Amino acid sequence: MLNAIISRLRSGTTAPIIDDRGQPLLGSIAALERPVIGGVAQSVLIRGRSVNNPVLLYLHGGPGTSELGMVRAHNIPALERHFTVAVWDQRGAGKSYAARKPVAAMTVEQLIDDTHELTELLCRRFQKRTIYLVGHSWGSLLGVLAVKRRPELYRAYVGVGQAVDMREGERLSYEWALEQAEKAHDAKSVRQLRAIGPPPYQGELRPKLMVQRRILAKYGGEVHGSRSGGMPTLLSSLLTTSEYSWVDRINVFRGVFAGMRQLWPQILTIDLRVQAPDLKVPVYFLEGRYDYEAPAVLAAGYFDALKAPRKALVWFERSAHFVNTEEAAAFNRFFVDRLLVETIGREGETAVAPT
């Protein structure tokens, strides 16, 4: 009993997928695994009702912000019926917090390599030529760069709250928050924003970025119609998701701070309009109409210029940055009703049609 408690405190668990008799479903997978990726052990949650289904790899935002709990609560229950869903905590994030060392490996280039290595592992494991890649926020920058380098690994790419040019995006986000505060005659918020000044922020980044994000959230630029942003959803998933141990729950926040410190200066140099003007796979952008964290106007402009064999921009009219939780049902239906339908059979693979 004591060993079981200690294991739960340290590792977390994921429930089996069961059949109508309450028994583990034959051919399903429900596993928390720690494969070695880029020379260090990293955590991946894998769930699906059939290992024969297409594989979908989800890249979280941040950098360093584990979204395993949010995806587990809001998306996986619907998606695991049609996909084998892999949710990866990138090195330094959440359940992979220990993999932040060596610090010299905490680079954008290493994370691109990690993405490719994990993709190849999933392809071998589930006998697929290609997989679907989904990236949210920072993960959408990582996703595009990964697809640009190795398009042969991916059946399609889905960007959620697609980031494009972090430096320009932060400038627009700051200006929008300041404009909303001024319109509301919110003198305190205006004073705080003017005190930190527009990005790129000088000196210590974290307190200044947190001020801007708090005011952004206050005016619905992070979660539409909310004054609290994504934090309540994050906290709820941390407390209720069995896949997080108590140590992981602490490390989620430590990972956010470490990712900000170690990767933020690097991602400010990314501009996908320059680095990835074309992609050789079908591309879908899922955008919240009110997203001013990764300003949707930049995503729309990038989409218009992007060259791809097929592309679609899907607007979510009641969402900001967290489309997958703000309009979870519509988000989940997109993958089943549209993505699968439009990409079945690409490169000779067999996909399971929606039911």
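Since we're looking at a predicted model, the values are computed, not measured. Here the residue numbering is sequential within each chain, running from 1 through the sequence in written order. Local features in this predicted model are restricted to residues whose pLDDT is 70 or higher, and side-chain atom pairs enter the listing and the counts only when it is 80 or higher, whereas totals over whole chains, interfaces and linings include all residues. The side-chain quantities take in all heavy atoms of the structure and omit both hydrogens and water.

## Comments concerning the overall build of the protein chain
Moving on, step 1. In terms of helices and strands, the protein chain carries 14 helices and 10 strands.
Moving on, step 2. With C-alpha atoms as the basis for the radius of gyration, the globule rule is written as 2.2 Å multiplied by the number of residues raised to the power 0.38. For the protein chain, whose C-alpha radius of gyration is 20 Å, the value lies close to the compact-globule estimate of 20 Å for 355 residues.
Moving on, step 3. Taking the principal axes of its C-alpha atoms as reference, the protein chain extends roughly 60 × 55 × 40 Å.
Moving on, step 4. Throughout this description, buried means an accessible area under 20% of the type-specific maximum (1.4 Å probe, protein chains only), exposed means over 50%, and partly exposed covers the range between. Counting every position in the protein chain, which comprises 355 residues, the buried fraction comes to 58%.
Moving on, step 5. Residues count as neighbours in contact if any of their non-hydrogen atoms are within 4.5 Å of one another. Of all intrachain contacts in the protein chain linking residues separated by at least 6 positions in sequence, the fraction that spans at least 24 positions is 73%.
Moving on, step 6. Put simply, the protein chain shows about 14800 Å² of open surface, and 55% of that area lies on carbon and sulfur atoms.
Moving on, step 7. The distance from the centre of the 45 positive side-chain charges to the centre of the 36 negative ones in the protein chain is 4 Å. Strands here are runs of E lasting at least two residues and helices are runs of H or I lasting at least four, both read from the DSSP assignment and numbered beginning at the N terminus. The Shrake-Rupley method, run with a 1.4 Å probe, gives the accessible areas here. Residue values count only the displayed protein chains as cover. Asp and Glu count as negative and Lys and Arg as positive, but His and the ends of the chain are not part of the count. Working definition for charges: the position is that of NZ of Lys, CZ of Arg, CG of Asp or CD of Glu.

## A look at the packing of helix H6 (residues 166-183) against helix H8 (residues 205-218)
Helix-helix packing is characterised by the crossing angle of the two axes and by the distance between the axes.
Moving on, step 1. Axis definition: a line fitted to C-alpha atoms, over the contacting stretch in the case of helices. Angles run 0 to 180 degrees between N-to-C directions. Between H6 and H8, the shortest axis-to-axis distance is 9 Å and the interhelical angle comes to 55°. Relative to H8, the element H6 lies oblique. H8 is crossed by H6, and the crossing has left-handed handedness. For the pair H6 and H8, contact is made by Glu-170, Ser-173, Tyr-174, Trp-176 and Ala-177 and by Leu-209, Gln-212, Arg-213, Ile-215 and Leu-216, respectively.
Moving on, step 2. When residue character is reported, Ala, Val, Leu, Ile, Met, Phe, Trp, Tyr, Cys and Pro are called nonpolar, Asp, Glu, Lys and Arg charged, and the others, Gly included, polar. A breakdown of the residues in the contact of H6 with H8 according to their chemical character gives 6 nonpolar, 2 polar and 2 charged. Between 65 and 115 degrees an angle is taken as roughly perpendicular, under 35 as roughly parallel, over 145 as roughly antiparallel, and anywhere else as oblique. Take the far helix as your reference; a near helix turned counterclockwise from it by less than a right angle gives a left-handed crossing, and one turned clockwise gives a right-handed crossing.

## Some words on unusual backbone geometry
Moving on, step 1. Note the cis peptide between Lys-101 and Pro-102, where omega equals 5°.
Moving on, step 2. Looking at where Pro-102 falls in the secondary structure, it is placed in the loop between strand S6 (84-89) and helix H4 (108-126).
Moving on, step 3. Here the residue pair Pro-199 and Pro-200 is connected by a cis peptide bond, since its omega of 5° sits within 30 degrees of zero.
Moving on, step 4. When you line up the elements, Pro-200 lands in the loop between helix H7 (187-196) and H8.
Moving on, step 5. Positive phi outside glycine occurs at Gln-127, with the angle close to 55°.
Moving on, step 6. Mapping Gln-127 onto the fold places it in the loop between H4 and strand S7 (131-136).
Moving on, step 7. For Ser-137, which is not glycine, the phi torsion reads 60° and is therefore positive.
Moving on, step 8. Owing to a relative accessible area of 12%, Ser-137 belongs among the buried residues under this scheme.

## Comments concerning the environment of Lys-148
Moving on, step 1. With respect to the element layout, Lys-148 can be found in helix H5 (residues 138-149).
Moving on, step 2. The partly exposed category is assigned to Lys-148, whose relative accessible area is 29%.
Moving on, step 3. Distance in space between the C-alpha atoms of Lys-148 and Gly-22 is 43 Å, their sequence separation being 126 residues.
Moving on, step 4. For Lys-148, the residues in contact, after removing those within four places along its chain, are Gln-275, Ala-276, Asp-278 and Leu-279.

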